[in-house]
Amino acid sequence: SYLVKWCALPYEDATWEKEEVVKGLADGPDSIREYRSRLTLDQKRMGALPVGRRPDRSSWKPFEESPVYKADNTLRSYQLEGVNWLVFCWMNQQSCIIADEMGLGKTVQSVAFLDLIYQKFNVRGPFLIVAPLSTLPHWQREFEAWTNLNVIVYHGSKASRDVMYEYEFFFKNAQDQPIPGFTKFDVLITTYEMAMAGIEQLVNITWRAAIFDEAHRLKNRQSKAADVLKTLEVEHKILLSGTPIQNSIEELWSLLNFLQPQRFYSEEEFLDEYGDLTNADDVARLQELLKPLMLRRLKEDVEKSIPVKEETIIEVELT
């Protein structure tokens, strides 16, 4: 029998079905093949201890050409530059911020980076993606289009999350106890709200990397989301934000504190050092601080073929 998670239905509505019933479904045979293939890979993973560690930064070498991803997808030149920068930061054990303008593919660069360290450096996850609800399908589509990673979307009622935790999270031993250090999934995608609601299930996992989309959600020092997410054990953090230059100094410190709490632990000292910005020298010192931590590019600087954004206003009568 197979436990079937039905499309467009939550996990709490999953049902046990006999193999012949599943094979009779439209996508049943393909789903079974995918499940068995993933099971074989999982067994190989469990026998391939230890899992990959971050290589020494002295071995870093940028990719001159884009790796070929699933379905022969390749990166644009500026996206490859972004992935090279992400790998460089990862090797240097330095969490970072991608602040590219909207439309340059921050999601694709993030997905390509995770797949690259998975394939090239044997870092088998688990990876965490925290994003607004409206972007979850987009993240899932990009992973499916660019990678073969096993991705689950952690969302729904407590009953659904409990089913996911029981059947999708961990390998178990003969005593039905979770095996430490191994998750069935490679990537878990969730929202800020679900991460807070299910923190007791997520906090027991050591995340090899975590990506926080729309990271301006974390810039308020009274942010409950930031306080809760800080309790997660994360080896490497990446923040995605299209508007970091609009942040105040206080908000900037909140982001940096979330990113590297050991380094930016004191708001008072940070404000004493960078809070005035009364002259060009102060601005230059702040830019020098952010330079190794943040990648910020505009469309007109990196990709001339992208058309200029146009705005059309259509007036409609009230109805």
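The structure under discussion appears in the preceding block.
Residues numbered from 1 in each chain as written. Predicted model: local features only at pLDDT ≥ 70, side-chain atom pairs only at ≥ 80, totals over all residues. Heavy atoms only, no water.

Colleague: Hey, could you run me through the packing of aromatic side chains in this one?
Modeller: Each aromatic ring pair is described using two quantities: the centre-to-centre distance and the angle formed by the ring planes. Enumeration over the complete set of coordinates arrives at 13 aromatic pairs. Each ring, one from Trp16 and one from Tyr167, has its centre 6.1 Å from the other, and the planes form 75 degrees; the classification is edge-to-face. Of the two residues, Trp16 is situated in strand β2 (residues 15-17) and Tyr167 in helix α6 (residues 158-169); the sequence distance between them amounts to 151 residues. When its relative accessible area of 52% is taken as the criterion, Trp16 is described as exposed. Take Tyr167: its relative accessible area is 37%, and that puts it in the partly exposed class. A connected cluster of aromatic rings, assembled from ring pairs, spans Tyr154, Tyr165, Phe169, Phe170, Phe185 and Trp207. (Phe/Tyr/Trp six-rings, centres within 6.5 Å; stacked < 30°, edge-to-face > 60°. Helix = DSSP H or I, 4+ residues; strand = E, 2+ residues; numbered from the N terminus. Buried < 20%, exposed > 50% of the residue type's maximum accessible area, 1.4 Å probe, protein only.)

Colleague: What should I look at first to understand the pattern of salt bridges in this one?
Modeller: Where charged atoms from two side chains of opposite charge approach closely, those side chains can pair. Enumeration over the complete set of coordinates arrives at 8 salt bridges. Linking Asp30 and Arg33 is a salt bridge whose minimum nitrogen-to-oxygen distance equals 2.1 Å. Of the two residues, Asp30 and Arg33 are both situated in helix α2 (residues 28-46); the distance of 3 residues between them amounts to about one turn of the helix. For Asp30, a relative accessible area of 45% corresponds to the partly exposed category. The partner of Asp100 in a salt bridge is Arg297, and the shortest N-O contact between them spans 2.7 Å. Highlighted residues: Asp100 in the loop between β3 (96-98) and α4 (106-120) and Arg297 in the loop between β13 (294-295) and α13 (299-302), separated in sequence by 197 residues. For Asp100, a relative accessible area of 0% corresponds to the buried category. Among the ionic contacts, a cluster of salt bridges with common partners joins Glu19, Lys23 and Arg36. (Salt bridge = Lys/Arg side-chain N within 4 Å of Asp/Glu carboxyl O.)

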